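Fold and contact review
Chain by chain, the residues:
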Amino acid sequence: MKLTRSLWIATTGLLLLGAITLGVYLWLDPGDRDSARLNEAIATKNAELRGKKKRAAGQPKPYQGDLDSLASLNVRNATFEVVYKGLKYPWAMEFTPDGRLLITEFSQGLLWLDPVSGETTRIKGLPQFANGKGQLGLMDVALHPDFANNGIVYLSHAVASPEQPALHATAVTRAVLRQDTLHDVQQIFVSLPYEKSNSNLGGALAFDSQGLLYIGTGDRSNDLGAQDGQSLNGKIIRLTAEGEVPADNPFIGNDSIDDRIYALGVRNPQGLDVDPLTGKVYEAEHGPMGGDEVNVVEAGANYGWPLITYGANYNTQLKGIGTERAGLSQPLYYYLPSIAISPLAVYRGELFPEWQGHLLVGALKGAQISMLDLQDGKVISAQTLLSEIKDRVRDIKVASDGSIYVLLQRSGRVMRLGRSFDEEAVEQPEERAGATVYRFSCATCHNGQVEGIPSLKDREAWSKRAEKGFDQLLYNVREGFGAMPEKGFCDNCSDEELAAAIRFMLDKSIGKEQRQAIEKKPPNFVVIIADDMSADDLGTYGNTFVETPNIDSLANAGLRYDNMFLATASCSASRASLLTGKYPQSNGLTKLHGYLPEDQSTLGLLLRNEGYYTASIGKWHIGSRVVGQFDKVVNESDSPGSQQWLSSLRERPRDKPFFFWLASRDPHRPWQLLPTDPVEPLDTASIVVPPGFVDGPGTRKQLANYYGEVRRFDHDVGRVVSELRAQGVLDQTMIVVMADNGRPFFRAKTGLYDAGIRTPFVVHWPGGITEAGHRDQLLSGIDLAPTLLDLAGVNSLPDDIEGRSFRASLNNPTSTLRRYVFAERNEHARPFHERAVRSLDYLYKENQFPLHGDCAPGAIQTGSAEFREYRAAYEQGKLAPEMDDCFAAERATVELRAVDANGVAGGPNLAEDPAYRDVRESMAGELAQWRKAVGDRDYQPPTLATDLQ
């Protein structure tokens with residue numbers, strides 16, 4: 001029979017459905033197969049379906065629990081603990097027979113995790129998968145039913161079209177896992193057709209009791225494809241373990257529907273799970289705006305998308321023709337509003353017998369687990385579990401002992417929900433509920449029976465206490481005050497648990513609204529700045545030799561910016577530009593050891609005017625004329641410069657938000673690692689020498705010293721984080737880790753190449769960053785000041801600030817602030833006049849003083865063993881071409897360098913290459929326009945005497 005396809009447009013002008021194949025008609029009432037009657041049915045739908053969709057009868061309202069805590073579990077001895085942290089955007093996990101977990105990381109690959117030891121093994125030999133914008137990456141993992149003997153694993157992932165790489169599809173690959181490597185890699189399924197959209201790929205995998213593989217594919221944002229029998233998108237696919245079509249698939253013999261399709265009409269399947277007791281297959285899928293669904297997968301079923309749905313379009317217009325239609329399957333359960341559903345698990349275990357047979361449904365946006373109580377195939381109640389985790393639940397798995405493993409995407413953690421049967425023990429995990437802490441500890445004195453100690457009914461007494469501020473209350477509880485000992489009667493409580501208890505008591509005494517009001521205040525700021533350190537010397541930026549676990553941990557839980565460029569690569573001038581939000585020639589401090597003029601406003605003054613306590617502790621380096629703009633300045637002259645960081649944090653006023661500029665002297669030359677330092681000296685023989693460096697004993701010795709101080713700086717960062725956590729203000733504090741310029745080696749410090757001006761830039765702020773990740777937007781160092789002022793609530797920035805706030809990028813990875821960043825090089829131990837403009841694709845540089853070599857003045861000592869190694873390599877023609885500038889009699893006046901695949905501007909100088917003439921002219925024009933805007937002047941040679949001062 002010839003298929004017909006019709007496009008129906010409702011009288012409201014909203015496109016409701018089209019391209020409906022014969023396979024769809026089979027589920028419509030016979031009368032509605034007539035086009036006129038179907039069109040009329042759509043246009044005259046009841047007015048109530050045009051309004052806000054409501055929960056249908058028989059759909060229970062979710063139970064939200066009274067407390068945002070583990071108390072919502074209603075299991076007194078539940079424990080929730082961290083198994084592992086440090087994953088990078090994990091997507092799915094699966095237990096192997098030996099108790100280990102196979103975990104997919106969306107962009108990184110596949111790894112093995114031993115949940116007992118915490119050891120990880122990265123898997124090699126993965127199939128090539130598309131990884132880019134949107135939802136293109138590595139997704140689910142499943143094991144062959146006989147994995148213990150054959151080692152076969154299945155991976156779902158995005159794949160690009162061989163003919164049109166801009167188009168993508170969901171694919172499934174099968175391979176044999178031996179030790180840490182995949183072998184016999186074979187792609188067994190591609191969800192055709194390829195689509196341009198980067199969203200709604202689905203990718204859920206599961207094996208049923210017969211050893212058949214179920215695959216959930218998304219509709220690829222092409223709604224009607226879910227109803228197209230010749231499209232594999234928006235379907236539940238069922239295959240054999242080898243990728244063949246099972247003989248009993250429901251549509252075999254139906255020419256209008258592909259044999260591989262088991263069910264259709266789904267939108268974006270996130271999870272599939274099989275009940276080991278009943279054999280039922282459950283599916284969880286994203287709805288549009290509202291209408292996330294949990295379905296029982298049945299042969300030949302059509303779940304109706306996009307014809308029927310309980311959700312609406314993201315523009316709030318209704319979707320489809322209603323919420324039900326004869327012949328189209330209803331969901332087992334749906335969510336209004338959406339929780340951004342993630343994979344689900346059927347609980348079958350002994351640890352929580354009261355949950356036997358229930359469905360545990362993860363939530364991304366909802367940051368929780370929704371437990372559905374199933375009785376006789378129907379959901380009779382829904383309960384929210386673990387809402388205190390405040391993280392995207394990416395996967396859920398039930399272990400063989402009945403414990404529940406939860407994969408958290410934002411923080412990169414694996415958590416274990418277990419149970420302690422020691423009724424006498426009061427120890428609980430770090431995230432214990434405030435109600436539980438109160439019940440076991442605080443209630444001993446706050447029960448109204450102890451004279452002088454207010455009960456939770458004494459609103460007046462608690463209101464007076466609340467006036468001190470939440471931070472002060474937490475400090476008093478932790479340190480002890482009056483007759484109360486440190487931490488009261490809860491010695492084992494963490495600061496997070498004490499804070500939870502205080503919130504609970506305030507909520508019960510003065511009310512949640514008033515308590516939230518005393519907690520609601522501008523964020524605190526702590527900028528930790530290294531002295532001469534390049535981005536690629538940290539683990540989070542790809543350095544596999546230097547261990548920087550504390551900075552890496554901040555990046556994993558926060559944001560790593562890959563393209564933050566300083567306005568200059570000279571210590572004093574760089575720090576002044578960061579503190580003022582202006583280019584060096586605009587604020588008046590352009591050279592080493594210069595003075596920032598007193599008429600220049602720094603963050604110390606601008607934030608103090610907004611009620612902040614401001615302090616600079618460590619290396620000062622911008623002159624004495626603006627010292628009075630901070631409440632406190634400690635100028636440390638000895639390394640590492642962090643000696644008074646912690647004491648200053650402890651001595652701050654507790655009734656004000658704060659800004660700390662913690663300026664280290666690490667890893668500046670001369671290096672001074674001490675026997676008492678917390679890091680061990682590195683063996684020069686084990687040093688990994690960076691590309692382009694001369695590999696000699698002198699260079700190795702200096703690198704070992706340098707890397708040692710990088711590690712010491714990282715240790716100091718960890719101490720600051722621990723102190724902020726101990727004070728209970730870590731969540732409310734935005735921590736920035738960065739450097740004032742690049743490493744003190746050739747072609748880095750003072751120079752305008754990436755190694756000199758590209759700074760590490762890590763931002764950690766649990767209370768303000770909703771999802772961890774990395775950012776590739778271009779930022780300038782002068783953007784730091786306006787961003788902090790913006791976050792502090794300054795409505796109108798000073799007119800002379802040249803930077804721009806990057807606040808939007810904190811929670812929007814696609815926001816764009818700049819197309820170009822600019823940098824300048826002025827006097828640093830000798831005169832320079834260089835200007836540069838950097839885009840995401842090129843670095844363009846002009847040099848008006850090319851008459852002497854560039855040996856990183858102030859960094860490399862002429863005559864040292866290190867210098868002699870470079871000189872010898874140059875004379876022997878063995879020095880990397882990019883290092884020749886150190887010894888060249890005259891350097892290039894114009895340079896154009898392309899950005900390579902690693903994001904670094906380098907390679908040959910393309911300035912004279914005719915093929916790049918347009919690029920050069922465009923970049924030169926941008927630089928000229930910037931110079932004019934900031935009033936930059938051409939180089940004017942100083943006298944010799946001035947030059948040597």
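Residues numbered from 1 in each chain as written. Predicted model: local features only at pLDDT ≥ 70, side-chain atom pairs only at ≥ 80, totals over all residues. Heavy atoms only, no water.

Helix and strand counts for the protein stand at 19 helices and 41 strands. Among the 949 residues that make up the protein, the fraction classed as buried is 58%. Within the protein, residue pairs in contact and separated by at least 24 positions form 64% of the contacts whose partners lie at least 6 positions apart. When the accessible surface of the protein is totalled, it reaches about 39200 Å², and 48% of it is carbon and sulfur. (Helix = DSSP H or I, 4+ residues; strand = E, 2+ residues; numbered from the N terminus. Buried < 20%, exposed > 50% of the residue type's maximum accessible area, 1.4 Å probe, protein only. Contact = heavy atoms within 4.5 Å. Areas by Shrake-Rupley, 256 points an atom, 1.4 Å probe, with all protein chains shown as cover.)

In terms of residue burial, helix H10 (residues 571-580) counts as a mostly covered element, since 10 of its 10 residues are buried. Restricting attention to buried positions, one finds in H10 the residues Cys 571, Ser 572, Ala 573, Ser 574, Arg 575, Ala 576, Ser 577, Leu 578, Leu 579 and Thr 580. Structurally, H10 contributes buried residues whose contacts are with strand E27 (524-530), helix H11 (584-587), helix H12 (603-608), strand E32 (658-663), strand E33 (733-739) and helix H16 (784-791). Just downstream of H10, Gly 581 is the residue with a positive phi angle, here 75°.

Within the open sheet, the 4 strands sit side by side as E3-E26-E25-E24. Their pairing is antiparallel. In this open sheet, the two strands that pair with only one neighbour each are strand E3 (78-85) and strand E24 (393-398). Ignoring strand direction, the axes of neighbouring strands in this sheet form an average angle of 20°. (Pairing = 2+ DSSP bridges. Axes fitted to C-alpha atoms, helices over the stretch in contact; angles between N-to-C directions.)

Our focus in this paragraph is the nonpolar core. Phe 659 and Phe 761 are the most contacted members of the largest nonpolar core, which totals 94 residues. Per-element accounting of this core gives the leading share, 10 residues, to helix H14 (residues 697-726). Leaving out residues up to four positions away in the same chain, Phe 659 has contacts with Phe 525, Val 527, Leu 579, Leu 603, Gly 604, Leu 607, Tyr 612, Tyr 613, Thr 614, Ala 615, Phe 630 and Leu 788. Trp 91, Trp 112, Met 139 and Val 141 belong to the second largest nonpolar core, which has 22 residues in total. (Core = buried A, V, L, I, M, F, W, Y, C linked by side-chain atoms within 4.5 Å.)

Now for the confidence of the model for the protein. Here the protein shows a mean pLDDT of 84. Residues at 70 or above account for 85%. The low-confidence segment residues 1-72, where pLDDT is below 50, has 135 contacts with residues more than four positions distant or belonging to other chains. Here residues 942-949 is modelled with pLDDT under 50, and outside its nearest four sequence neighbours on either side it reaches 5 contacts, counting other chains as well. (pLDDT = per-residue confidence, 0-100.)

If charged atoms from side chains of opposite charge come close, those side chains can pair. Overall, the coordinates contain 41 salt bridges when judged by the stated rule. The partner of Lys 397 in a salt bridge is Asp 395, and the shortest N-O contact between them spans 3.1 Å. Each member of the pair, Lys 397 together with Asp 395, is buried. For Asp 677, the salt bridge goes to Arg 712, with nearest N and O atoms at 2.7 Å. Pair noted here: Asp 677 is in the loop between E32 and H14 and Arg 712 is in helix H14, with a separation of 35 residues, a long-range link. Given the relative accessible area of 1%, Arg 712 is considered buried. (Salt bridge = Lys/Arg side-chain N within 4 Å of Asp/Glu carboxyl O.)

Moving on to the side chain of Glu 293. Mapped onto the elements, Glu 293 comes out in strand E18 (residues 292-297). Note on Glu 293: relative accessible area 7%, which makes it buried. Here Glu 293 is in contact with Glu 283, Ala 284, Glu 285, Pro 331, Tyr 333, Tyr 334 and Ile 341, once residues within four sequence places are set aside.

Here the structure, examined in full by the defined rule, presents 28 aromatic pairs. Each ring, one from Tyr 347 and one from Phe 352, has its centre 6.2 Å from the other, and the planes form 70°; the classification is edge-to-face. The residues Tyr 347 and Phe 352 share a single accessibility class, namely buried. With 5.8 Å between their ring centres and 80° between their planes, Phe 761 and Phe 806 make a pair best called edge-to-face. Of this pair, Phe 761 sits in strand E34 (residues 761-764) while Phe 806 sits in the loop between H16 and strand E37 (821-825), placing them 45 residues apart in sequence. With a relative accessible area of 0%, Phe 761 lands in the buried category. (Phe/Tyr/Trp six-rings, centres within 6.5 Å; stacked < 30°, edge-to-face > 60°.)

Let us now look at the packing of helix H9 (residues 549-557) against H14. The packing of two helices is summarised by the inter-axis angle and the distance between the axes. Packing of H9 against H14 brings their axes to within 7 Å, and their N-to-C directions diverge by 55°. Taken as axis vectors, H9 and H14 run oblique relative to one another. Note on element contacts: H14 touches H9 through Phe 713, Asp 714, His 715, Val 717, Gly 718 and Val 721, opposite Pro 549, Asn 550, Ile 551 and Leu 554. Its residues assigned to classes, the contact of H9 with H14 comprises 6 nonpolar, 3 polar and 1 charged. (Parallel < 35°, antiparallel > 145°, perpendicular 65-115°, else oblique. Nonpolar A, V, L, I, M, F, W, Y, C, P; charged D, E, K, R; others polar.)

At their nearest, the axes of helix H6 (residues 470-479) and helix H7 (residues 495-509) sit 10 Å apart, and the two run at 120° to each other. Viewed along their axes, H6 and H7 adopt a mutual orientation that is oblique. Viewed along their axes, H6 and H7 form a crossing whose handedness is right-handed. On the side of H6, the interface is formed by Phe 470, Leu 473, Leu 474, Val 477 and Arg 478, while H7 contributes Asp 495, Leu 498, Ala 499, Ile 502, Arg 503 and Leu 506. Counted by class, the contact of H6 with H7 contains 8 nonpolar, no polar and 3 charged residues. (Left-handed = near helix turned anticlockwise from the far one by under 90°.)

What follows concerns the pairing of E33. Sheet faces and side chains relate simply in a regular strand, where the side chains alternate between the two faces. In terms of burial, E33 is largely enclosed, as 7 of its 7 residues are buried. Every second residue of E33 is oriented toward a common face, with Thr 733, Ile 735, Val 737 and Ala 739 on one face and Met 734, Val 736 and Met 738 on the other, all of them buried. Relative to E34, E33 runs antiparallel, the two being bridged by 3 bridges. The partner of Val 736 across the bridge, within E34, is Val 763.

Take Ala 836: it is sitting in strand E38 (residues 834-838). Judged by relative accessible area, which is 1%, Ala 836 ranks as buried. Along the sequence, Ala 836 and Thr 568 sit 268 residues apart, while their C-alpha atoms lie 9.7 Å from each other.

A separate point is unusual backbone geometry. Apart from glycine, the bulk of residues carry a negative phi angle, and the bulk of peptide bonds sit in the trans form. The omega angle of the peptide bond from Leu 192 to Pro 193 is 5°, so this bond is cis rather than trans. Checked against the element boundaries, Pro 193 lands in the loop between strand E11 (181-190) and strand E12 (202-207). Cis rather than trans, the peptide bond between Trp 305 and Pro 306 has omega equal to 0°. Here Pro 306 is to be found in the loop between E18 and strand E19 (333-335). The residue Asp 376 is not glycine, and still its phi comes out positive at about 55°. Relative to the helices and strands, Asp 376 resides in the loop between strand E22 (368-375) and strand E23 (378-385). Even without being glycine, Asp 532 reaches a positive phi, approximately 80°. Position of Asp 532 among the secondary structure elements: in the loop between E27 and H9. Taking relative accessible area as the criterion, Asp 532 reaches 0% and is therefore assigned buried.

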